[in-house]
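An overview of the molecular structure
For reference, the chains in residue letters:
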Amino acid sequence: MSKKRGLSLEEKREKILQIFYDSQDFFLLKELEKMGPKKGVITQSVKDVIQSLVDDDLVAKDKIGISVYFWSLPSCAGNQLRSVRQKLESDLQGSNKKLAELVDQCEALKQGREESEERTEALAQLKDIEKKHKELKNEMVQFADNDPATLEAMRAAIEVAHQSANRWTDNIFTLRQWCSNNFPQAKEQLEHLYTEAGITEDFDYLELSSFPLSSSHDPETPKQLLVEDQA
C-alpha cells in the first residue's frame, strides 16, 4: 500500500482559506491549529501557512487586547485578486507600449541602412580605416621615448637626481670631516669603514654632462642617474 502524499504549500493555503470562507468568522491561532488537521493540514504547519496568507494579504490579522485574531472573507480575497489583476494589466500595457516604441526605433534605425553594394563597400572601408588607426596608435607608442615632452621630463628628472646626488655627497664630506675632528685617534678604523661603504679616494661630486634631445642618446643614462640617487 503506497504512502499517502502530503499536501503542498498551495494546497494547505487553500484548505486554511476554506476554513475562513466557510465560517466567515474570526479565529485565534490556537483555534486554527485545532481546525487545521480536520482539513488535512497538520498542526505544526498551520502557523507558517497562516503567515504566508497574511504576507500575501489573503488573510487579515489584528491585535485585540492581548490576543491576535485572524480573518478572511471571500470578498476580501476577491478584492485582492482584482487588485493583482489591475496591476498585471497595467504592467502589460506598459510593456506593450515600450515594445511598440522599440519597434518604431528599430524601424527608424533601419532607414538608410538597407543592404546595398555601396553600404557593403563603405563598411569595408571603415574596417580598413579602423585597422590603420590601430596600427598608427601602436606605432606612436613605439616612438613615445623620442617625444619632446618625454625627453624634457627626463632632462628635469636627471637634474633633480644630479642635485640630490651631490647634496648627499656634500653631506658625506661634512660627516667625514666631523669624524676626523672628533675622533683623530680612530683614523685607520674610519678609513676602513669608509672603504667598506664604498667611499674611496676617487669619491667626488658628480658632473652633469649635456643631455641632447636626440634619439642617439643612451636611454640607460637617465635611468642610471636615478638609480644612483635612490641608492
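Here we summarise the structure given alongside this text. For clarity, every value in this text was computed on a predicted model and none was experimentally measured.

Basis of the calculations
- Residues numbered from 1 in each chain as written.
- Predicted model: local features only at pLDDT ≥ 70, side-chain atom pairs only at ≥ 80, totals over all residues.
- Heavy atoms only, no water.
- Pairing = 2+ DSSP bridges.
- Helix = DSSP H or I, 4+ residues; strand = E, 2+ residues; numbered from the N terminus.
- Phe/Tyr/Trp six-rings, centres within 6.5 Å; stacked < 30°, edge-to-face > 60°.
- Buried < 20%, exposed > 50% of the residue type's maximum accessible area, 1.4 Å probe, protein only.
- Core = buried A, V, L, I, M, F, W, Y, C linked by side-chain atoms within 4.5 Å.
- Contact = heavy atoms within 4.5 Å.

Quick word on the sheet that holds strand β3 (residues 67–71)
Strand order in the open sheet formed by three strands is β1-β3-β2, and the pairing between neighbours is antiparallel. Each having just a single partner strand, β1 (27–28) and β2 (60–64) make up the two edges of the open sheet. In this sheet, β3 lies alongside β1 in antiparallel orientation, the contact comprising two bridges. Counted as the bridge partner of Leu 28 is Tyr 69 from β3.

Describing the packing of aromatic side chains
All told, the structure shown has five aromatic pairs when counted by the stated rule. Considering the side-chain rings of Trp 178 and Phe 183, the 5.8 Å spacing of their centres and the 70° angle between planes classify their relative orientation as edge-to-face. For Phe 183, a relative accessible area of 36% translates into the label partly exposed. Here the aromatic cluster, defined as three or more aromatic residues joined through ring pairs, consists of Phe 173, Phe 203 and Tyr 205.

A word on the nonpolar core
Formed by 15 residues in total, the largest nonpolar core has its most connected members in Ile 16, Phe 20, Leu 32, Ile 50, Leu 53, Val 59 and Phe 70. Elements that contribute at least two residues to this core include exactly α1 (9–23) and α3 (43–55). Counting residues per element, this core draws most heavily on α3, which supplies five residues. Those residues in contact with Leu 53 that lie beyond four places of it in its chain are Arg 13, Ile 16, Leu 17, Leu 58 and Val 59. Counting residues in each nonpolar core, the second largest holds five residues, with Ala 186, Leu 190, Tyr 194 and Ile 199 among its members.

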